[in-house]
Amino acid sequence: MPTATSRAAGAPVTDPEEPPARKLYRSAEGRMLGGVARGLAGHLGLPVVWVRLVFLGLFLADGLGAVLYAVFWIVVPLGVGGVGGVDGSRSLFETAPDGSRRLRKPDKGQVFALVALIVGALIFLANVNMGSGADRYIWPILLIGAGSVLVWRQADNARRAQWMEVGRRRGMLHLARGLAGVALVGLGLAAFLVVRGSAAQLGNVLTAAIAVLTGIALLAGPYLVRMTQDLSEERLMRIRAQERAEVAAHVHDSVLHTLTLIQRNAEDAGEVRRLARAQERELRNWLYDPGGTGKDADDEPTTLADAVKRAAAEVEDKHGVPLEVVVVGDCPLDEKITAQLQAAREAMVNAAKYGGEGGAVQVFAEVEGRTVFVSVRDRGPGFDLDSVPEDRMGVRESIVGRMRRNGGTARLRSVPGGGTEVELEMERAGE
Amino acid sequence: MTENTEVTTQGPERRVRVVLVDDHRMFRTGVQAEIGRTEETGVEVVGEAADVDQAVTVITATRPEVVLLDVHLPGGGGVEVLRRCAPMMSAADNPVRFLALSVSDAAEDVIGVIRGGARGYVTKTITGADLVDSVFRVQEGDAVFSPRLAGFVLDAFASTDAPPVDEDLDRLTQREREVLRLIARGYAYKEIAKQLFISVKTVESHVSAVLRKLQLSNRHELTRWATARRLV
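Residues numbered from 1 in each chain as written. Chains lettered and ligands numbered in written order. Predicted model: local features only at pLDDT ≥ 70, side-chain atom pairs only at ≥ 80, totals over all residues. Heavy atoms only, no water.

1. As for the environment of Ser148(A)
Residue and element names in this part refer to chain A.
Consideration 1: As for its position among the elements, Ser148 is in helix H7 (residues 135-164).
Consideration 2: Given the relative accessible area of 24%, Ser148 is considered partly exposed.
Consideration 3: Taking the C-alpha atoms as reference, Ser148 lies 7.5 Å from Val182; in sequence the two are 34 residues apart. (Helix = DSSP H or I, 4+ residues; strand = E, 2+ residues; numbered from the N terminus. Buried < 20%, exposed > 50% of the residue type's maximum accessible area, 1.4 Å probe, protein only.)

Written out as structure tokens, the structure reads:
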């Protein structure tokens, strides 16, 4: 079990990332700009409105709030934390119907925030504009600021998209936003240059800038490439290690546990077989079922395929006879199908009880159009249906009778020495 | 077990040379012990391999008639072996035929090796007698379907209702469908023949036809089917 223990040893290392440790995150949900205010509010346990008002107030004090906000935005990572649940500040801007809440709310908030930003910026401009000539710097700064905000938001969105897999279709929009941000920043920088020098020097300055950038790229490029490669490799290794740990944990939880049980019950062949079959099925489920946990045995099946497999598994566990299930097509369960399933289950139990000696019991279910067909077949000794005493109700009532009552048909075919097959056919109930 | 007697009676007159490919040594030993008694079963195990490279080498060197191929192998899996042995499969004289033998009955594994050119697919729960029978059937050029595989194929063809390009090639005929359905229900070929009042040879040719359609003409539909289930 070295893998299992290594996982246990690895646990303390990841300690800081455990949910109980409260850490400052920017909120990804219901944010207006960068999620800083919501994150802070969540961290400090204050209403968001307060935090936002404080920022606004600070902003009016010579733009200190904006600087502070920007610093938070850069430094604090985006997280899922922030203010838990729904709060008053969000509902302020919400007029959308309840159905589309999640999608609309942040957008509305963002529109409001954008308007507020523009108004604020205009007020700010009007205030600062007193100094003559200063506006020659203000506009480029504002342009650069707006551009970087756009790009940063972009990065945040890309990150959030990784978690939630949203916005995949909006790739073009994202690209456009990124480009707009870059263009704004570029415009701002160019304006700076033009303002400081004259338009004539623009060409020279640009050439110099490009030369410097190229030089830096040549020098630092290889390092950067190497670094990203190392990073992705490291990430790959980490993912692999995680997967291995998960497999080890599962094997430890289920397989080793079962093996121990088998060792303890080594004399009881039937019990050993039952344990092994159950374990095999669970492991198979876990390995090949995409997204399956192999342990979700609690919820009731809602489709025919699941229900048939479940019934077969239960019979298999109870009687220690392997059942091979093949399902073709699938359909939701309705009343008639449920009755058919009960009949099928009874047939499986019979097959396992009386015909299990001849090898695996074959269960076949097929949905074709509106017809559902289930066959249960064993290779046991078989029996003569007519010679079954009147008082034995299993086959007559549980299988044949039940099918007839629900509007289906049941056919039994049994050859002495050649096994038994029960065929159940049922029309699905109308929609 | 009932078929065991039949196999032994037929044993002496037919012989087949087999290579076992499986990365699990214990399993190879088990199969060897189960089917490798040449006088009784007619099966002669001429080579074993544990990974893809070894398999290709051994198969090329021994030129067996049938290869029992595990689906999960180090070095690329059974599909890789099939890919690299493709010229030997289509050789005019003494072609090498593959029978997949795997513990996995996941749809992507099954469909993968069948499309790779395996002539059949049986799971490791199969009995020794049935395995011997399957080996001979594959040697004769017929296909061997396990109930599970028949189920997958039925499912694949049933769930596509778009009109196919070539009606004859792309659709299973009613008869083929019937045969597959009986296989899925656990019938042996012999029993199917009796049930449908046709000869065993006819059953086998139906099954082979299904296999051909599966490999050649239905790539498009199968791909779509697999994609819809996120198998590819």
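2. Examining the pairing of strand E1 (residues 16-21) of chain B
All names here are of chain B.
Consideration 1: Counting buried positions along E1 yields five of six residues, so the element is predominantly enclosed.
Consideration 2: Bridge analysis of E1 against strand E3 (residues 66-69) gives four bridges, and the strand direction is parallel. Counted as the bridge partner of Val18 is Val66 from E3. (Pairing = 2+ DSSP bridges.)

3. So, the sheet that holds strand E5 (residues 120-123) of chain B
Residues and elements named next belong to chain B.
Consideration 1: One open sheet accounts for six strands, arranged E2-E1-E3-E4-E5-E6; its pairing is parallel. Across the chains shown, the open sheet's two edge strands, defined by having one partner strand only, are strand E2 (43-49) and strand E6 (144-145).
Consideration 2: Along the sheet, helix H4 (residues 52-62) makes contact with E1, E2, E3 and strand E4 (97-102), crossing E2 at roughly 140 degrees. (Contact = heavy atoms within 4.5 Å. Axes fitted to C-alpha atoms, helices over the stretch in contact; angles between N-to-C directions.)

4. A look at the nonpolar core
Consideration 1: Grouped together as the largest cluster of nonpolar side chains are 56 residues, with contacts concentrated most on Ile59(B), Val81(B), Phe98(B), Phe145(B), Leu180(B), Ile183(B) and Ile192(B).
Consideration 2: Ranked by residues supplied to this core, first place goes to helix H9 (residues 147-158) of chain B with six residues.
Consideration 3: By size, the runner-up hydrophobic cluster in this structure holds 33 residues, among which are Ala305(A), Ile337(A), Val349(A) and Leu424(A). (Core = buried A, V, L, I, M, F, W, Y, C linked by side-chain atoms within 4.5 Å.)

5. Quick word on helix H3 (residues 48-60) of chain A
Consideration 1: For H3(A), with 13 residues, the first-to-last C-alpha span of 19 Å sits near the 18 Å given by 1.5 Å per residue.
Consideration 2: Remark: Asp62(A) follows H3(A) within two positions and exhibits a positive phi of approximately 55 degrees. (Expected span 1.5 Å × (residues − 1).)

6. Describing the confidence of the model for chain B
Residues and elements named next belong to chain B.
Consideration 1: On average, residues of chain B carry a pLDDT of 79, and 81% of them reach 70 or more.
Consideration 2: Within the model, pLDDT remains below 50 along residues 161-168, and this stretch shows nine contacts once partners closer than five positions in the same chain are excluded.
Consideration 3: Scoring the predicted complex yields pTM 0.55 and, for the interface, ipTM 0.73. (pLDDT = per-residue confidence, 0-100.)

7. So, the side chain of Glu204(B)
All names here are of chain B.
Consideration 1: Along the chain, the position of Glu204 falls in helix H13 (residues 200-217).
Consideration 2: Looking at Glu204, the relative accessible area reads 7%, which means it is buried.
Consideration 3: Excluding anything up to four places from it in sequence, Glu204 contacts Arg137, Asp142 and Tyr189.

8. Concerning helix H2 (residues 25-35) of chain B
Residues and elements named next belong to chain B.
Consideration 1: Every buried residue of H2 is listed here: Arg28, Val31 and Ile35. Buried residues of H2, seen end-on, are gathered within an arc of 65 degrees and therefore sit on one face of the element. Facing away from the buried side of H2, by more than 90 degrees, are the exposed residues Arg25, Met26 and Ala33.
Consideration 2: The inward-facing, buried residues of H2 contact E1, helix H3 (38-41), E2, E3, E4 and helix H8 (128-139). (Arc of directions from axis to C-beta.)

9. Thoughts on unusual backbone geometry
All names here are of chain B.
Consideration 1: Of note, the phi angle at Arg63 is positive, near 45 degrees, even though the residue is not glycine.
Consideration 2: Tracing the sequence through the fold places Arg63 in the loop between H4 and E3.
Consideration 3: When its relative accessible area of 27% is taken as the criterion, Arg63 is described as partly exposed.
Consideration 4: Within the chain, Phe197 stands out as a residue other than glycine whose phi angle is a positive 55 degrees.
Consideration 5: Assignment of secondary structure puts Phe197 in the loop between helix H12 (189-196) and H13.

10. Details of the pattern of salt bridges
Residues and elements named next belong to chain A.
Consideration 1: For the structure shown, the criterion picks out 26 salt bridges over all chains.
Consideration 2: Where Glu234 meets Arg238, a salt bridge forms, and the shortest distance between an N and an O atom there is 3.1 Å. Of this pair, Glu234 and Arg238 both sit in helix H9 (residues 202-264), four residues apart, which is roughly one turn of that helix.
Consideration 3: In this structure, Arg281 engages Glu316 in a salt bridge whose closest nitrogen and oxygen atoms are separated by 2.2 Å. (Salt bridge = Lys/Arg side-chain N within 4 Å of Asp/Glu carboxyl O.)

11. Description of the interface of chain A and chain B
Consideration 1: Taken together, the contacts link 19 residues of chain A with 21 residues of chain B.
Consideration 2: Approximately 1,600 Å² of surface area, both sides summed, lies buried where chain A meets chain B, with 41% of it carried by carbon and sulfur atoms.
Consideration 3: Between chain A and chain B we count six salt bridges in total.
Consideration 4: In this structure, the connection of chain A to chain B is made through ten residue pairs in polar contact (both at pLDDT 80 or more).
Consideration 5: Taken together, the elements giving at least two residues each to the side of chain A that touches chain B come down to helix H10 (269-288), strand E3 (323-328), strand E4 (361-368), strand E5 (371-378) and strand E7 (419-427) of chain A.
Consideration 6: The biggest single contributor to the side of chain A that touches chain B is E3(A), with five residues.
Consideration 7: Its residues assigned to classes, the side of chain A that touches chain B comprises seven nonpolar, three polar and nine charged. (Buried area = accessible area lost by both parts, 1.4 Å probe. Polar contact = N/O pair within 3.5 Å; in protein donor to acceptor, adjacent residues only side chain to side chain. Nonpolar A, V, L, I, M, F, W, Y, C, P; charged D, E, K, R; others polar.)

12. As for the packing of aromatic side chains
Consideration 1: All chains considered together, the criterion is met by two aromatic pairs over all chains.
Consideration 2: For the cation-ring pair, Arg377(A) lies above Tyr187(B), with the distance from its terminal atom to the ring centre recorded as 3.9 Å.
Consideration 3: In this arrangement the basic side chain of Arg137(B) is found over the ring face of Tyr189(B), its NZ or CZ atom lying 3.7 Å from the centre. (Phe/Tyr/Trp six-rings, centres within 6.5 Å; stacked < 30°, edge-to-face > 60°. Lys NZ or Arg CZ within 6 Å of the ring centre and 35° of its normal.)

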